[in-house]
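# Examination of the molecular architecture
Chain by chain, the residues run as shown.
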Amino acid sequence: MNVKNLIEKLNLKILVEDDLDREVKDCYIGDLLSWVMGRAPEDSAWLTVMGNINSIAVATLADVSCIILVENAALDDDAKAKAEMHGVNILLSEENSYSLAVKISGLI
């Protein structure tokens, strides 16, 4: 499964696009950034409501495939610019973390 397939199968909106061919091997849910930084698996889809600049730094350090903002969480302008600069895919879903994670689990 790659990011592009995830977008198509889950009807996700692209907020920041980089490498859509990047593989997605896992899924991680978390909003406490220090916790995510040390525990999110590499090449995972990270589900969160944190659309700020600090989440971009965490995504880069954890080397996740993409951030999926759940429940239509907002992405602020500084975070968007930083994601574009660092090549972080950011997607948007209206679903909650649990529902989306269940669907991702069925795909990967």
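What this report covers is the structure whose coordinates are included nearby. Treat the numbers as computed from the prediction; the structure is a model and nothing was measured. Position numbers for residues start from 1 in each chain and track the written sequence from start to end. Where local features are concerned, this predicted model is filtered to residues with pLDDT of at least 70; where side-chain atom pairs are given and counted, the filter is 80 or more; whole-chain, interface and lining totals use all residues. To obtain the side-chain values, all non-hydrogen atoms of the structure were used and water was disregarded.

## Brief notes about unusual backbone geometry
For clarity, the threshold we go by: In this description a helix means any DSSP run of H or I spanning at least four residues, a strand means any run of E spanning at least two, and both kinds are numbered starting from the N terminus.
You will see that Glu 71, though not glycine, has its phi angle at about 55°, which is positive. Position of Glu 71 relative to the elements: it lies in the loop between strand S4 (66-69) and helix H4 (77-86). Located in the positive-phi region is Asn 72, a residue other than glycine, with phi close to 55°. For Asn 72, the position within the fold is in the loop between S4 and H4.

## Describing a negative patch on the surface
Worth spelling out the cut-off: For patch building, the residue pool is restricted to those with more than 30% relative accessible area and no salt bridge; the joining distance is 9 Å between like charges and 5 Å between nonpolar side chains (Val, Leu, Ile, Met, Phe, Trp, Tyr). Every accessible area reported is derived by Shrake-Rupley at a probe size of 1.4 Å, with residue values counting cover from the shown protein chains alone. Here, a salt bridge means any side-chain nitrogen of Lys or Arg that lies within 4 Å of a carboxyl oxygen of Asp or Glu. All tallies of charge rest on Lys and Arg as positive and Asp and Glu as negative; His and the ends of each chain are not included. Working definition for charges: the position is that of NZ of Lys, CZ of Arg, CG of Asp or CD of Glu. For the exposure calls, accessible area comes from a 1.4 Å probe over protein chains only, and a residue counts as buried if that area is under 20% of its type's maximum, exposed if over 50%, partly exposed in between.
A surface patch of negative charge is lined by Glu 17, Asp 18, Asp 19 and Asp 21. Mapped onto the elements of the fold, Glu 17 is located in the loop between strand S1 (13-16) and strand S2 (26-29). Judged by its relative accessible area of 53%, Glu 17 is exposed.

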